[in-house]
Amino acid sequence: MKLLKKLIAVSSFFAVSAASFAFDWTTIDALDKYNQTAATLSDGLGDFCEQLAIAVPQAATQQNVWADAYIGKLFPSVPPHFGGGLNFGLTHIDTSGLAKAAETLNIKGIEDSYYFPVFTLDLRVGGVILPFDCDVVFMKTGKIGTEIMGADLDVDFFTVGFDARYALVEGGLILPKVSVGLGYYYNQGTFNADSSYATAEINYKVQTLSMSAQLSKSFLLFTPFVGVRGLVSKYDNDWKWVIRNNSAVTQLASVTGAKPTDSGSKSSDSFDFGAIQPQVYAGVGFNIVVLQVTASVTADLRHITDSGLWSGALSVRAKL
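Keep in mind it's a predicted model, so treat the numbers as computed, not measured.

With 28 residues, the main nonpolar core has Leu-52, Ile-93, Phe-116, Phe-191, Ile-202, Tyr-204 and Trp-241 as its most contacted residues. For this core, the secondary structure elements donating two or more residues are helix H2 (29–61), strand S2 (113–126), strand S5 (151–169), strand S7 (198–216) and strand S8 (222–243).

Structure (structure tokens):
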């Protein structure tokens, strides 16, 4: 994943020598310059955590979008209505803070934005008697280790979510399907870099409540749809970095007589009912016998101008 490779590049600054900072270690000004570099790094990691807090909820809710606003009853119905499959999505995320930190450390090629990839499995089941349907979505990567540019990076992502929809209009030959829904999603993940010189770690935990309304209408092999969604999230994110066994830090301390900033950390959490993320989504489903391929896009109306927050997803499901 391109984003992860770039994060590795940022983490790899820990493994370089003192010359990488291009400081004159014989002057007292080196201490201020070193601390400014450390502060920029901390600001960059902090900004990345804040961007995760708004991007992760959209990435999660985009993963269980079905073309049909309502799939029908499980019972009584012949055949019973249920389905499931694989979802792949990309969410645009602002990494400008990360790029600024990297530039300060003379690391080239870090861009201001990337597309955060997500893979999930989901299962949707129709209701019993009442016109409900329910969906469960899940993703667990396990620990993935990568070694690039002398730094080891371990990543671990987990997502689980649930939603229930009620059909206001069940649809028919003329009428479209119209539903309203309520969902909950839990996401957590870790970016961990470790070398003989330093460690850096970013952790996020995001819980999201979702309310939605959707309209769809099938025409032969196609099912176009449009919907609106409101998200409210609680996040607990933190980051930390520690330089260890770095000869540059030791040399700087001996020259200046002061301890340089060799670590940084911060935790942030928030839950605000007023911080609603209003979203609009749309797409089309392609129906081939019992298979449905769904393409969809979502735009976050609150953050589309400042962070460019939008997502795209492609789903392949079997459904009855």
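Bridging between S8 and strand S10 (residues 277–288) involves ten bridges; their strand directions are antiparallel. By the bridge assignment, Phe-225 is partnered in S10 with Gly-283. In terms of strand pairing, S10 meets strand S11 (residues 291–300) through ten bridges, oriented antiparallel. Following the sheet pairing, Gly-285 is matched in S11 by Thr-294.

The subject of this paragraph is the layout of surface pockets. As a volume, the largest pocket reaches approximately 240 Å³. Around the largest pocket, the lining comprises 20 residues; the ones closest to its centre are Val-118, Phe-119, Met-139, Thr-141 and Phe-157. When residues of the lining of the largest pocket are traced back to their parent elements, those giving at least two are H2, S2, strand S3 (132–140) and S5. When residues of the lining of the largest pocket are assigned to their parent elements, the largest contribution, six residues, is made by S2.

Here we come to the side chain of Asp-133. Mapped onto the secondary structure, Asp-133 falls in strand S3. Overall, the relative accessible area of 0% leaves Asp-133 in the buried class. Reaching out from Asp-133, the side chain makes a polar contact with the backbone nitrogen of Ile-71 at a distance of 3.2 Å. Here the side chain of Asp-133 touches Arg-165 through a polar contact of 2.8 Å, side chain to side chain. If near-sequence neighbours (up to four positions away) are discounted, Asp-133 is found in contact with Ala-69, Tyr-70, Ile-71, Arg-124, Val-125, Gly-126, Gly-127, Asp-163, Ala-164 and Arg-165.

Moving on: the packing of aromatic side chains. For the coordinates displayed, the defined rule picks out seven aromatic pairs. For the pair Tyr-115 and Trp-310, a centre-to-centre distance of 5.9 Å together with 75° between the ring planes defines the contact as edge-to-face. Placement of Tyr-115 in strand S2 and of Trp-310 in strand S12 (residues 310–319) is noted, with a sequence separation of 195 residues between them. What makes Tyr-115 partly exposed here is its relative accessible area of 42%. With centroids separated by 6.4 Å and ring planes inclined at 50°, the aromatic side chains of Phe-225 and Tyr-281 adopt a geometry described as tilted. Of this pair, Phe-225 sits in strand S8 while Tyr-281 sits in strand S10, and the two are 56 residues apart along the sequence. For Phe-225, a relative accessible area of 5% corresponds to the buried category.

Our next topic: the pattern of salt bridges. On inspection of all chains with the given rule, the structure shows nine salt bridges. Linking Arg-124 and Asp-135 is a salt bridge whose minimum nitrogen-to-oxygen distance equals 3.7 Å. In this pair, Arg-124 sits in strand S2 while Asp-135 sits in strand S3, placing the two residues eleven residues apart along the sequence. Its relative accessible area of 0% is what places Asp-135 among the buried residues. Close ionic contact of Asp-236 with Lys-234 constitutes a salt bridge, the shortest N to O distance being 2.8 Å.

The next thing to look at is a nonpolar patch on the surface. Residues Phe-75, Val-128, Ile-129, Leu-130, Phe-132, Tyr-166, Leu-168 and Val-180 make up a contiguous nonpolar surface patch of roughly 750 Å² in combined accessible area. Mapped onto the elements of the fold, Leu-168 is located in strand S5. Given a relative accessible area of 53%, Leu-168 falls into the exposed group.

Rules behind the numbers
Residues numbered from 1 in each chain as written. Predicted model: local features only at pLDDT ≥ 70, side-chain atom pairs only at ≥ 80, totals over all residues. Heavy atoms only, no water. Core = buried A, V, L, I, M, F, W, Y, C linked by side-chain atoms within 4.5 Å. Buried < 20%, exposed > 50% of the residue type's maximum accessible area, 1.4 Å probe, protein only. Helix = DSSP H or I, 4+ residues; strand = E, 2+ residues; numbered from the N terminus. Pairing = 2+ DSSP bridges. 1 Å grid on protein atoms, 1.4 Å probe; cavity = no way out; pocket = protein on both sides within 12 Å on 5 of 7 lines; lining within 4 Å. Points joined across faces, edges and corners; volume = space filled by probe spheres on them. Polar contact = N/O pair within 3.5 Å; in protein donor to acceptor, adjacent residues only side chain to side chain. Contact = heavy atoms within 4.5 Å. Phe/Tyr/Trp six-rings, centres within 6.5 Å; stacked < 30°, edge-to-face > 60°. Salt bridge = Lys/Arg side-chain N within 4 Å of Asp/Glu carboxyl O. Patch = residues over 30% accessible without salt bridge, like charges linked within 9 Å, V, L, I, M, F, W, Y side chains within 5 Å. Areas by Shrake-Rupley, 256 points an atom, 1.4 Å probe, with all protein chains shown as cover.

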